[in-house]
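Here's the letter readout for the chains.
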Amino acid sequence: MVVTVNKVLLPEFLKSKPNLKFLFTGGKGGVGKTVSAAGLAYRFSQEGKRTLLVSLNPVHSLSSLFAQDLKGGVIKPVEGAENLFALEVEIDDIVEKYKKNIARRLSEFLKWADIPLDPKPFIDIATTNPAFQESAMFDKMMDVVLEQGEEFDVVVFDTAAVANAARLIGLSKIYGLWLERMIKSREEALSLRVKLSFRKEKVMEEIKKDPLMADLISMQERFNKVKQILLNEEKTAFFFVTLPLALPIAVVKRFIKMVRGFDIPVGGVIVNQIIPKKVAEATTNEYLKNKYREQLEYMRIIESDLGELVRSYIPTYPGEVVGLDMLARLSEDMFTWVPDFLDEL
Ligand SMILES: Nc1ncnc2c1ncn2[C@@H]1O[C@H](COP(=O)(O)OP(=O)(O)O)[C@@H](O)[C@H]1O
Ligand SMILES: [Mg+2]
């Protein structure tokens with residue numbers, strides 16, 4: 001018997017966090033991040049909260065999940081669900097905008113420093129960096145947190161697969177350090193420029209006039225605001241989705257460790273695609289029976305290693321989760337269903 005007794009499941013967990021506003025789902029590809037994010041968002045919307053579901057994935061799945069056209073990079077109401085809105089962030093647009101921004105900053109800098117160089121090669125180097133797309137997404141996520149956080153009661157982010165989401169989180173720390181350094185070196189450069197005057201006020205004046213400096217400071221202010229929100233466990237929670245299988249469990253464990261290292265609040269673990277005992281017993285399908293036996297082993301591991309963090313169980317359905325009816329059922333199960341074999345673990 002390994003089942004954790006002091007488990008706090010979703011209804012109780014959410015009751016203890018009445019000000020929760022930003023929710024994220026993470027985990028390995030294909031484990032059910034999108035359906036879980038949607039299930040959470042649907043629940044909040046049903047409770048009368050104005051809710052936004054945001055997909056930050058390079059390949060979106062909200063449109064297919066809801067069987068509606070939610071594309072276009074703008075917030076759209078989900079038809080048939082009151083209070084529920086969806087946004088599929090268009091990565092290409094964001095990357096393009098971000099590229100322009102960086103190009104402008106670099107050109108300004110070269111001009112300011114009197115360096116007669118074509119900024120293009122520098123821009124190419126900066127924007128073909130593999131982390132560029134992720135930092136553009138992180139920037140967009142900050143926008144959504146700051147802007148839509150005002151418009152909506154709850155915002156649920158369906159984040160991309162593990163590596164991507166980890167980088168988004170990791171970036172938040174690096175980003176802050178980078179900004180700090182940039183501002184400092186900019187300050188130094190500027191004070192060198194006005195050094196001859198030997199007057200502090202003159203330095204401050206020059207610093208205030210500098211467009212790049214103003215830009216950096218506003219980026220830093222914006223970033224600090226977002227960080228404060230994301231690190232606040234009353235407002236933010238990261239949920240990790242796993243299947244009762246070795247690899248997704250390992251990924252979730254690694255993920256939780258990493259996220260905690262960044263002081264980001266862990267909301268808990270959602271265990272998806274569980275085969276109910278009664279289904280395994282009723283079938284003559286050997287494959288399914290075997291899957292069920294295997295599953296018991298993995299459920300034991302989940303209970304013993306992550307038990308206290310388990311917030312929700314979702315059964316496996318006969319088909320894909322598509323359309324509002326299926327989503328409503330999944331959402332209800334997320335808040336009420338428990339496996340019928342827990343006492344055997
Ligand atoms: N409990 C479930 N029962 C049946 N199908 C599921 C279940 N959870 C997810 N699916 C299906 O599995 C696929 C992957 O789910 P999805 O939420 O898109 O995963 P992710 O976002 O982590 O890649 C989808 O086709 C979805 O409909
Ligand atoms: Mg997905």
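Residues numbered from 1 in each chain as written. Chains lettered and ligands numbered in written order. Predicted model: local features only at pLDDT ≥ 70, side-chain atom pairs only at ≥ 80, totals over all residues. Heavy atoms only, no water.

Draft legend 1. Geometry of the overall build of the protein. In terms of helices and strands, the protein carries 13 helices and eight strands. Going through the 345 residues of the protein one by one, you find that 50% of them count as buried. For the protein, the exposed area adds up to about 17,400 Å²; of that, 55% sits on carbon and sulfur atoms. (Helix = DSSP H or I, 4+ residues; strand = E, 2+ residues; numbered from the N terminus. Buried < 20%, exposed > 50% of the residue type's maximum accessible area, 1.4 Å probe, protein only. Areas by Shrake-Rupley, 256 points an atom, 1.4 Å probe, with all protein chains shown as cover.)

Draft legend 2. Up close: the packing of aromatic side chains. Tallied over the entire structure, the rule returns six aromatic pairs. Members of the aromatic cluster, each reached through a chain of ring pairs, are F24, F157 and F238. Sitting over the face of the ring of F85, R50 holds its NZ or CZ atom 4.8 Å from the ring centroid. Sitting over the ring of F152, R50 keeps its end group 4.7 Å from the ring centre. (Phe/Tyr/Trp six-rings, centres within 6.5 Å; stacked < 30°, edge-to-face > 60°. Lys NZ or Arg CZ within 6 Å of the ring centre and 35° of its normal.)

Draft legend 3. The arrangement of helix α10 (residues 246-261) in detail. In this model, α10 (16 residues) spans 23 Å end to end at C-alpha, consistent with the 22 Å of a helix rising 1.5 Å per residue. Residues P248, I249, V251, V252, F255, I256 and V259 constitute the buried set of α10. All buried residues of α10 lie within an arc of 160° about the axis, which places them on one face of the element. Away from the buried face of α10 by more than 90 degrees, exposed residues L247 and K257 are located. The first or second residue beyond α10 is D263, which carries a positive phi of 60°. (Expected span 1.5 Å × (residues − 1). Arc of directions from axis to C-beta.)

Draft legend 4. Region of interest: helix α6 (residues 132-151). Its 20 residues place the ends of α6 28 Å apart at the C-alpha level, agreeing with the 28 Å of an ideal helix rising 1.5 Å per residue. Of all the bends in α6, the largest measures some 25° and sits at V145. Taken across its 20 residues, α6 has 14 buried, putting it largely inside the fold. (Bend = angle between axes of the 7 residues up to and from the residue.)

Draft legend 5. Main features of the site of ligand 1. Ligand 1 sits among 16 residues. The nearest are G30, K33, T34, P315 and E320. Within the contact set of ligand 1, an oxygen atom lies 3.0 Å away from a backbone nitrogen or oxygen of V35. Here an oxygen atom of ligand 1 sits 2.9 Å away from a polar atom, N or O, in the main chain of V321. Here ligand 1 loses 81% of its free accessible area of 560 Å² to cover by the protein chains. Where the shell around ligand 1 is concerned, the elements lending two or more residues are α2 (33-46), β7 (266-274) and β8 (310-315). Counting residues per element, the shell around ligand 1 draws most heavily on α2, which supplies three residues. Tallied by class, the residues present in the shell around ligand 1 amount to six nonpolar, seven polar and three charged. (Near = heavy atom within 4 Å. Polar contact = N/O pair within 3.5 Å; in protein donor to acceptor, adjacent residues only side chain to side chain. Nonpolar A, V, L, I, M, F, W, Y, C, P; charged D, E, K, R; others polar.)

Draft legend 6. The pairing of β8, seen in detail. Across the six residues that make up β8, a large majority, six, are buried. Sheet topology places β7 next to β8; four bridges connect them, and they run parallel. The residue of β8 that forms the bridge with I274 is P315. (Pairing = 2+ DSSP bridges.)

Draft legend 7. Spatial organisation of unusual backbone geometry. A positive phi angle is found at N83, which is not glycine, with a value near 65°. Checked against the element boundaries, N83 lands in the loop between β3 (76-77) and β4 (84-88). Positive phi is not limited to glycine here, since Q273 has a value of about 60°. Mapped onto the secondary structure, Q273 falls in strand β7. We classify Q273 as partly exposed; its relative accessible area is 39%.

Functional significance is not addressed by these values, which are geometric in nature.
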